[in-house]
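Coordinate inspection notes
Below are the chains, spelled out letter by letter.
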Amino acid sequence: MPTEPSTPSDHPPDPVLRAEQDHLVESREALGRMRATTAGLTAQGGDRVSTEHLKQVLHRRMVSLQDDPTVPLFFGRLDYAVALGAEHDETLYVGRRHITGEAGGEPLVIDWRAGMALPFYRARPADPMHVRRRRRFGFSTGALTAYEDEELAADAPGAGTGSAILQAEIERPRTGPMRDIVATIQPEQDVIVRAGLGRSVCVQGAPGTGKTAVGLHRAAYLLYAHREQLARSGVLVVGPNASFLSYIGDVLPALGEIDAAQATVESMLADAAGLAVRATEPTPRARLKGDARMAEVVRRAVWGHLAPASENLVLPRGIRQWRVAAYLADESVAELRARGVRYEAGRTMLAQRLAHQVLLRMEAAGDSPDDRVQAAVARSREVKAYVAGLWPALDPARLVLRLLTDAPFLARAADGLLDEDEQAELLASRPGRTPKTARWTLADLALVDEAGDVLARTPSLGHVVLDEAQDLSPMMLRAVGRRASTGSMTVLGDLAQATTPWSVSSWAEALGHLGQPDAVVTELVDGFRVPGQVIEYAARLLPVIAPTLVPPRSVRRSAGELDLRSTADALRATVDGVREALGHEGTVGVVVADRRIAEVAAALGAAGVPYDLLGEARDFADESEGRRVDLVPASLVKGLEFDHVVLLEPAELVAAEADELTGLRRLYVCLTRAVTSLVVVHSAELPLALAA
């Protein structure tokens, strides 16, 4: 059972707790020594490049050894026993990073990702994994406050009982950005976290099941287990919007990992193309541009630029002229096409093929040209001009711009794929005349990315974590997937939370577009965040929005609070709900339809309630007084969580979307953001599924 610390005013401290506190002090001192030792190292390589590389290595090491006194250095302990098959009777402390003692280099704390830490997450009386006792620690602002033992030998008294400390940690109020879950990872989550680098995993997770945290912790595990490989190939986390990335931004650094890049789909595509999203477009057009058929349209548009040779290649060199017949040039083009090379690689190779034909003729005439001559011929003005006539250079943005503005060009590329009405819809885009001035949409940039990959292979990363994957169009999924064409992925999402008209209908379809058809799909249904009353209420929508999914279930001890308020003055009731929530601990999210933001902001301001308007620049790390309330547009709430949520007019949230199904899914997302309490304020009738 948990043991609370004693104070000098009543009786001596618990000796076990005191010993554990001593170990905490010793571990913190050792971490300080490790950081001081690293700070004293000098980066000096054999050359400037090596020196800079060593400086980066030392910098990352310094960052990983930062000590935050508010965060415990360890959260668990494992007592291995020879009687249960272990090699030694051994005690190991489990924490966020490895900490080595001064004498003999013995570990004071082992990294949670190490193999020896595995039983902390998976051992049970039926399979103790050589561990006699698992101990959990309770902390408050980094100070040790309690401990709790779980005997794992099947015949031990109390074996298999639940953990009060674990439950308390799960139910702790959510303040500030997302925190790591290393102390509370459940066995089914740990299986996903420790999946190997060569394996792609798709997690269908109901609200509050921790799928985002699981994905981030898998990234941290892979960076630990395959550090050298991933340091070269890279890790990317792709999230739905900048607010979401800000919310999750502290998780990996808290685990000592700073090498994973983060991006939204928009920023990823914009950075790759050197362009910016400057416009939105009607839903039917965006849906059409995101259709998988557009990949073939783009491919045809690129390769349709090849032209047959109309004349021989003539290359003056010295006093001689060398000729390559047009049919030989066409054969070289056909051979390269048959090899399936990328467009730009084919252009380069064609110049070399033609140069080789010239060298053959030189040799037949008695010359002895070498590789330098072939390279010079391939770079010659005549060969470049000839190649440009057969295989012209292309720019991906200009190509897509032409597709959206040149009707005959689009008709040739879309023949048999898009009907006349669909082609007319694309041509109605009218983005502009030049790539730099065009009013690009997000769907346009996905097409540009597709064209860029047809021209030249997109570099692959070692691992990509994609969150809220259910919201991406097939073309967006293809864009993300090609960033892991030779790597692996962790795909996270919830089909019940698909809130875009262009979203896919199944994970099999999504994984196919991502290029990961063999990924293992697993489903998480145990909710650790959303309380029982709230998730059961929101789950009334599931038979309509996702009838094939298993309804989520809450494992929270607290059932939470659900309050449905029907009123004639919804704005006043909303302000009242916020004031009541501020009387309790934790954050408050006021979730409203995007079009009502200004109106609700005015009401909060008039009532003297300080708030932040959630947007692209939101700083979740700001814990200053008066920043407990967030006014949240429904379009940005996905992936976030608040202790208390006040939700205004469910019917308006539904009506704001392109269709009722998408609207009900948006409502499902909004209803499942609460950790402790949910107040639903409405003057209009509730959607039928909720009113039942």
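The rules behind each value
Residues numbered from 1 in each chain as written. Predicted model: local features only at pLDDT ≥ 70, side-chain atom pairs only at ≥ 80, totals over all residues. Heavy atoms only, no water. Helix = DSSP H or I, 4+ residues; strand = E, 2+ residues; numbered from the N terminus. Contact = heavy atoms within 4.5 Å. Lys, Arg positive; Asp, Glu negative; His and termini not counted. Charge placed at Lys NZ, Arg CZ, Asp CG, Glu CD. Pairing = 2+ DSSP bridges. Axes fitted to C-alpha atoms, helices over the stretch in contact; angles between N-to-C directions. Buried < 20%, exposed > 50% of the residue type's maximum accessible area, 1.4 Å probe, protein only. Arc of directions from axis to C-beta. Salt bridge = Lys/Arg side-chain N within 4 Å of Asp/Glu carboxyl O. Parallel < 35°, antiparallel > 145°, perpendicular 65-115°, else oblique. Nonpolar A, V, L, I, M, F, W, Y, C, P; charged D, E, K, R; others polar.

**Some thoughts on the overall build of the protein chain**
Along the protein chain, the regular secondary structure elements total 29 helices and 22 strands. For the C-alpha atoms alone, the extent of the protein chain along its principal axes is close to 105 × 70 × 45 Å. Of the contacts made within the protein chain by residues no fewer than 6 positions apart, 73% connect residues no fewer than 24 positions apart. Computed over 76 positive and 92 negative side-chain charges, the inter-centroid distance for the protein chain is 7 Å.

**Side note on the sheet that holds strand β1 (residues 74–80)**
The strands that make up a sheet are held in pairs by hydrogen bonds between backbone atoms, and each pair lies either parallel or antiparallel. Strand order in the open sheet formed by six strands is β3-β4-β2-β1-β5-β6, and the pairing between neighbours is mixed. Where the open sheet ends on each side, the last strands, each with one partner, are β3 (99–100) and β6 (143–151). Across eight bridges, the pairing between strand β5 (residues 131–140) and β6 is antiparallel. Bridge pairing in β6 links arginine 134 to glutamate 150. This element, helix α1 (residues 15–39), spans β1, β2 (90–95), β3, β4 (107–111), β5 and β6 of the sheet and lies at about 115° to β6.

**Points about helix α16 (residues 381–390)**
Within α16 the residues assigned to the buried category are Val383, Tyr386, Val387 and Leu390. Buried residues in α16, looked at end-on, bunch into an arc of 100°, giving them a common side. Pointing more than 90 degrees away from the buried face of α16 are the exposed residues Arg381, Lys384 and Ala385.

**Comments concerning the pattern of salt bridges**
Applying the stated criterion to the full structure yields 42 salt bridges. A salt bridge links glutamate 20 to arginine 77, with the nearest nitrogen and oxygen atoms 2.9 Å apart. Of the two residues, glutamate 20 is situated in helix α1 and arginine 77 in strand β1; the sequence distance between them amounts to 57 residues. Accessibility classification places glutamate 20 together with arginine 77 in one group, the buried group. When salt bridges with common partners are traced through the structure, they connect Glu20, Arg77, Asp79, Arg133, Arg135, Asp149 and Glu151 into a single cluster.

**Here's the deal with the packing of helix α17 (residues 396–403) against helix α18 (residues 407–414)**
Each pair of packed helices gets described by two things: the angle between the helix axes and the distance between those axes. Relative to each other, α17 and α18 sit at 95°, their axes nearing to 7 Å. Judged on the interaxial angle alone, α18 and α17 are roughly perpendicular. Residues Leu399, Arg402 and Leu403 of α17 pack against Phe409, Leu410, Arg412 and Ala413 of α18. When its residues are assigned to classes, the contact of α17 with α18 shows five nonpolar, no polar and two charged.

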